[in-house]
Amino acid sequence: MPFRQQMLIKRVGDVAEFREHPVGVRSRQSADERDGCRPGMTQRFDLAASLARGVEGRSGACSFIQGFAAHWAGALETGDGWPEADLALAEERLGVRLPAALREAYLLFGRRRDLISNHDTLLSPAELHVDDAKEALVFRHENQGAASWGILLDSLQDDDPAVFIRSDLADKTAERWDGWLERLSLCFVEIVLSESVQADGESCDSLDPDDHSIELLEENCVQLPFPPYPIGEEEHATRWFLGQDVLLRDDGMTVLARGRMPEDLERMRELIPGDWLNDYR
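The rules behind these values
- Residues numbered from 1 in each chain as written.
- Predicted model: local features only at pLDDT ≥ 70, side-chain atom pairs only at ≥ 80, totals over all residues.
- Heavy atoms only, no water.
- pLDDT = per-residue confidence, 0-100.
- Contact = heavy atoms within 4.5 Å.
- Helix = DSSP H or I, 4+ residues; strand = E, 2+ residues; numbered from the N terminus.
- Buried < 20%, exposed > 50% of the residue type's maximum accessible area, 1.4 Å probe, protein only.
- Expected span 1.5 Å × (residues − 1).
- Arc of directions from axis to C-beta.
- Axes fitted to C-alpha atoms, helices over the stretch in contact; angles between N-to-C directions.
- Parallel < 35°, antiparallel > 145°, perpendicular 65-115°, else oblique.
- Left-handed = near helix turned anticlockwise from the far one by under 90°.
- Nonpolar A, V, L, I, M, F, W, Y, C, P; charged D, E, K, R; others polar.
- Salt bridge = Lys/Arg side-chain N within 4 Å of Asp/Glu carboxyl O.

A. Representation of the confidence of the model for the protein chain within the structure. Confidence in the prediction for the protein chain averages 87 pLDDT; 84% of positions are at 70 or higher. Counting interchain partners and residues more than four positions distant, the pLDDT-below-50 stretch residues 3–42 has 130 contacts.

Here's what the structure looks like:
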């Protein structure tokens, strides 16, 4: 059974844009960053517009992740990525050249756990491995071992190969690699977004939605321009939304939300009342 059918991830719709307001994020940022800009930036970060460019290819994906980190989590710094030597050791051990998109991501932010491993785990270079079936290079695990993400071995020569997902089933003969996203760079954008809405702290929460809360979500937020996934499940794809300084993911079972500040999330709870996990009012 495809992973999407097991996890019930759902709908996709039209592209929309939403401009955010600058809010401070992490204490290590400069005053310029807290005011909504980084050194060298001349405009506020527009998440929707940046994401629209980010889903087009490797360069846009890296730019989006840099901008998103600076405005939602803390600007990327030297040391947030793995050293080239660690990637070279992994390649020597595995006997393969890692795809350019994977190398770029690991070198840029592969050690920033707040961006890559709040819930599921991006493997370190030393942990990268080929699956038991000798079909794919595995680079990510679901937090309870229910699934793994990988790149098919016969596509490792591609700079930005497709990503597949394999569920851990009781019947091992039924396991297979199902399509997840068409490009690895796109997968890293999704990882950063998904891990960000699953961080600890007062700025994140989850909603058990009903039909009315989904209607309110669609009325009060705009849908972000992210392609439907997993591959082949367009009618039940995950959807991403943006409210006023609140990022939301609707996966068909749960709506995950992250505000840039706790008060932003509180405002969203008022707009979409319902069974929020951490709403103790």
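B. Structural view of unusual backbone geometry. Note that the residue after Tyr 229, namely Pro 230, is joined by a cis bond; omega there is 0°. Although it is not a glycine, Lys 134 adopts a positive phi angle of roughly 60°. Note on placement: Lys 134 falls in the loop between strand 2 (129–130) and strand 3 (136–141). Take Lys 134: its relative accessible area is 61%, and that puts it in the exposed class.

C. Examining helix 8 (residues 184–196) more closely. Between its terminal C-alpha atoms helix 8 stretches 18 Å, which fits the 18 Å expected from 13 residues at 1.5 Å a residue. By the criterion of burial, helix 8 is predominantly enclosed, with 13 of the 13 residues buried.

D. Fine view of helix 10 (residues 262–271). All of the buried residues along helix 10 are Asp 264, Leu 265, Met 268 and Arg 269. Projected down its long axis, helix 10 carries its buried residues within an arc of 145°, all on one side. Among the structural elements, strand 7 (204–208), strand 9 (239–243), strand 10 (246–250), strand 11 (255–259) and strand 12 (275–276) are those in contact with the buried residues of helix 10.

E. Looking closely at the packing of helix 4 (residues 58–73) against helix 6 (residues 100–109). Following both chains from N to C, one finds helix 4 and helix 6 inclined at 20°, their axes separated by 11 Å at the closest point. Classified by the interaxial angle, the pair formed by helix 4 and helix 6 is roughly parallel. Between helix 4 and helix 6 the crossing geometry is right-handed. Between helix 4, through Arg 58, Cys 62, Ile 65 and Gln 66, and helix 6, the contact on the second element is made entirely by Ala 100, Ala 101, Glu 104, Leu 108 and Phe 109. Its residues placed into classes, the contact of helix 4 with helix 6 shows 6 nonpolar, 1 polar and 2 charged.

F. Representation of the pattern of salt bridges in the model. Applying the stated criterion across every chain yields a total of 22 salt bridges. For Asp 80, the salt bridge goes to Arg 112, with nearest N and O atoms at 3.2 Å. Placement of Asp 80 in the loop between helix 4 and helix 5 (84–94) and of Arg 112 in the loop between helix 6 and helix 7 (113–116) is noted, with a sequence separation of 32 residues between them. Both residues of the pair, Asp 80 and Arg 112, belong to the buried class. The partner of Asp 251 in a salt bridge is Arg 249, with the nearest N and O atoms 3.2 Å apart. The buried category is assigned to Asp 251, whose relative accessible area is 8%. Taking the relative accessible area as the measure of exposure, Arg 249 reaches 12% and is therefore buried.

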